[in-house]
Amino acid sequence: MLTVTVKNEPAGIIKPMHAACEGPRTNGRYLTADASAIYKDIGVPFVRLHDIEYPYGSNQFVDIHCIFPDFSADENDERNYNFHPTDDYLKAIIDSGAEVYYRLGESIDHFENKFCVRPPSDFLKWARICEHIIMHYNYGWANGFYFGIKYWEIWNEPESRGMWRGTPRQFCELYAVAATYLKHRFPEIFIGGYSAAGVYTQTRVTDDPWFQTLVPFMNNFFDYIEGKNVPLDFFSWHCYAESPEEIERAAKFVRKYLNSKGYKKTQSHLTEYNTYYSLFHSPVRHAEYAADLLAGLITANGSPMDMCFYYTLMKGAYSFMNGVFGYDTINDKPVTYPGYFSMKFYGDIFRLKTGIATDYEKKKGLYVLAAGNGKKTGIAIADIGYEGEALLNFESGETLNSVITAVSGEGEVKESKAVLQDGKTGLKLQKNYIYYVSLTR
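These remarks concern the structure in this document.

Conventions we followed
Residue numbers run consecutively from 1 along every chain, following the written order of its sequence. Per-residue local features of the predicted model are confined to residues with pLDDT of at least 70, and side-chain atom pairs are confined, for both listing and counting, to 80 or more; whole-chain, interface and lining totals are unaffected and use all residues. For side-chain calculations, the full set of non-hydrogen atoms in the structure is used, while hydrogens and water are omitted. A helix here means a DSSP run of H or I that spans at least four residues, while a strand means a run of E at least two residues long, and both kinds are numbered starting from the N terminus. Each residue is placed in one exposure class: buried if its accessible area under a 1.4 Å probe, protein chains only, is under 20% of its type's maximum, exposed if it is over 50%, and partly exposed if it falls in between. Two strands qualify as a pair provided that DSSP identifies no fewer than 2 bridges between them. Note on geometry: axes are C-alpha line fits, over the in-contact stretch for helices, and angles between N-to-C directions span 0 to 180 degrees. Should any heavy atoms of two residues lie within 4.5 Å, those residues are counted as being in contact. What makes a salt bridge here is a side-chain nitrogen of Lys or Arg within 4 Å of a carboxyl oxygen of Asp or Glu, nothing more. Working definition: rings of Phe, Tyr and Trp (its six-membered ring) pair if their centres are within 6.5 Å, and the pair is stacked with planes under 30 degrees apart, edge-to-face with planes over 60 apart, and tilted otherwise. By definition, being over a ring means that NZ of Lys or CZ of Arg is both within 6 Å of the ring centre and within 35 degrees of the ring normal. Nine residue types can take part in a nonpolar core, namely buried Ala, Val, Leu, Ile, Met, Phe, Trp, Tyr and Cys, and a core is a set of them joined through side-chain atoms within 4.5 Å.

Turning our eyes to something else, we now look at unusual backbone geometry. In the segment running from G193 into Y194, the intervening peptide bond is cis, with an omega of -5 degrees. Tracing the backbone through its elements, the reader meets Y194 in strand 8 (residues 190-196). A cis geometry characterises the amide bond from Y311 onward to T312, with omega recorded as -10 degrees. Following the sequence through the fold, T312 ends up in the loop between strand 11 (307-310) and strand 12 (325-328). Positive phi, normally seen in glycine, also occurs at N432, with a value near 70 degrees. Note that N432 resides in the loop between strand 20 (424-429) and strand 21 (433-440). Its relative accessible area of 17% is what places N432 among the buried residues.

What follows is the structure in C-alpha cells.
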C-alpha cells in the first residue's frame, strides 16, 4: 500500500501557478460571452494580455497598434488613443478578482505582410506610447483608471517570424530603450520580458531547427544588455511541455541561467504553459488530461519559478490549445471540461496560502500538494500512474473531518466524507483521476 504523509512542518508559500492567458469575457468587440464565474471559482490570480480574441481580435484590444493606430500621430494627445475596447476587457478581469499582467507589444500577426510586428521606426516614441498606456491604466490619464497594474511585459516570442520581423539586435535595442525609459518613469512597477519561446534543447531530445535557435537568441539578448543597467525585474518564457517533469527541467535551467548572468533577484515567469506541445493534440475530454494538468501545476509550484500562466483556459473555435472550459453560445454559458477541476483544486490550495510538507513515493505516478491556514487543510492529488489502495497519514495524529472530492478523467465528480481517526484514512486511488481532500479540525 502506498502512504501519503502530511507532515507537521510548513513548506513555503503556495505560488500563483494557476494564472491565465486571456480574460473572462470574449466573443468579439462587445465581449458577449462571460466566463467570470469560472475565473472566480478557480480564483485566477493574474491574467496575461496576449493574443486577445485570437486570431484577429488583436485589431480591437491591447496591442500597441490597436490602442495607438497612427504611429505618426502625437503620442501626448489623448485623442490619438483608442482605449475603449481594452478598457472593457480589463474591467472584466479586475471584476473577476484577478490582477492584470499587461503585455506591451503585439499579438501573433497572421496577416501575410506581417505589418503589426515590424520594428517601430522610433524606439523611444514607442516607449512613450507605452508610457501613456501605463498612465491611462494606473494613473487615470485620459479618463483612465487606477488599477495598480504591477507587471508590464515587453513583447512576446521575438524569436518567431510571426511575432517579430526585425533583426535580433533590433529587438534587443527596443527592449533596452523601452525598459530603461519606463522603469525611470515608473520605478514602482515591474518591467520585464521577453516571453522567450522556450528552452526545449535543454529539456528534451529534439532536432527541430527552430528550437536550436532559441537559447542562442537568449544568449544574444543577455550579451546585449550586459553592463547597460537595463531593467529586468522578471524574465518571461514559455513551455509547451510533454510531461510535468519537462516544466521542472525548464524552470531549473532558466533559474540557473539567470543566476549565471547576475540576475539572481530577477523573477522567473512561465507566461505560456500547456501540458502538451502539439497544437493539434487537444485532449480536453481525454482521461489523462485533468491529472496531467494538475500534476503540472503541482510540479511548477515546487520548481524555481515564481509564476505560471496557462494558455488558455477557454478552448475557442480558432484555438487547438487545451482548454479547461468551452462556451456554449446558444445557451450563453460556459461548459467545463475535466481540467477545470484541476485548476480549481490548485486554486483552493492557493487560497490556503501556506504549504505543508508531504512525503510519498513519487515514482508511483502521484503528485501531491498540501496547504493549510490553521483551521483548514487541503490536499490536492493528481494520479497519473497509480492504481490501488493508499493510506493518508496526517502526522499530527489528530481526529479530523474530511471531504474527499474525486474527479475522473471524463469529468465525473464524486464526493465522500470520512473521519480521520488518529489522523489516518484509506483512499482508493485510480489512474487519471484527481482528488481534493479538505480537512477541518
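This part takes up the sheet that holds strand 1 (residues 2-13). Hydrogen bonds between backbone atoms are what pair the strands of a sheet, whose relative direction is either parallel or antiparallel. Taking strand neighbours across the sheet as the criterion, the 9 strands line up as 19-18-21-16-15-14-1-17-20 in an open arrangement whose pairing is mixed. Two strands bound the open sheet, and with one partner strand each, they are strand 19 (413-420) and strand 20. Each strand of the sheet is rotated relative to its neighbour by a mean of 25 degrees, with strand direction disregarded. Sheet topology places strand 18 (residues 400-407) next to strand 21; 7 bridges connect them, and they run antiparallel. Opposite V403, over in strand 21, you have S438 as the bridge partner. Of the strands in this sheet, strand 14 (354-359), strand 15 (366-372), strand 16 (376-383), strand 18, strand 19 and strand 21 are in contact with helix 9 (residues 338-352), which crosses strand 21 at around 30 degrees.

In this section: the pattern of salt bridges. Summed over all chains, the structure comprises 20 salt bridges. Put simply, D63 and R103 hold a salt bridge, and the shortest N to O gap is 2.8 Å. Of this pair, D63 sits in the loop between strand 5 (46-49) and helix 2 (64-67) while R103 sits in strand 6 (residues 99-104); the two residues are 40 residues apart in sequence, bridging distant segments of the chain. Comparing D63 with R103 shows no difference in burial state: the two are buried.

Okay, the packing of aromatic side chains next. Going through the model one piece at a time under the given rule, you end up with 42 aromatic pairs. When the ring of F68 is compared with that of Y81, the centres are 4.8 Å apart and the planes differ by 55 degrees; the resulting orientation is tilted. A residue pair is termed long-range when its members are at least 10 positions apart, and F68 in the loop between helix 2 and helix 3 (84-95) and Y81 in the loop between helix 2 and helix 3 qualify at 13 residues. With 5.7 Å between their ring centres and 70 degrees between their planes, F171 and Y194 make a pair best called edge-to-face. Placement of the pair is F171 in helix 5 (residues 168-185) and Y194 in strand 8, with a sequence separation of 23 residues. Over the aromatic face of F71 sits the side chain of K125, whose NZ or CZ is 5.2 Å from the ring centroid. In this arrangement the basic side chain of K228 is found over the ring face of Y224, its NZ or CZ atom lying 4.4 Å from the centre.

Now for the nonpolar core. The biggest cluster of nonpolar side chains holds 125 residues, and the ones touching the most others in it are L49, Y102, I133, W152, F235, W237 and L313. Every residue in contact with L49, bar those within four places of it in the chain, is listed here: V62, Y89, L90, I93, V100, Y101, Y102 and R103.

Moving on: the sheet that holds strand 5. With respect to topology, 8 strands assemble into a closed barrel ordered 2-5-6-7-8-9-10-11, the strand pairing being parallel. For this sheet, the mean angle separating the axes of adjacent strands, direction not counted, is 30 degrees. Of the strands in this sheet, strand 6, strand 7 (151-154) and strand 8 are in contact with helix 5, which crosses strand 8 at around 160 degrees.

Taking burial as the measure, the 8 residues of strand 18 include 6 buried ones, the bulk of the element. As judged from the 8 bridges shared by strand 18 and strand 19, these two strands associate in the antiparallel manner. Pairing of A406 across the sheet is with K414, part of strand 19. The hairpin formed by strand 18 and strand 19 contains 5 residues between the paired strands, and G411 there has a positive phi angle of roughly 95 degrees.

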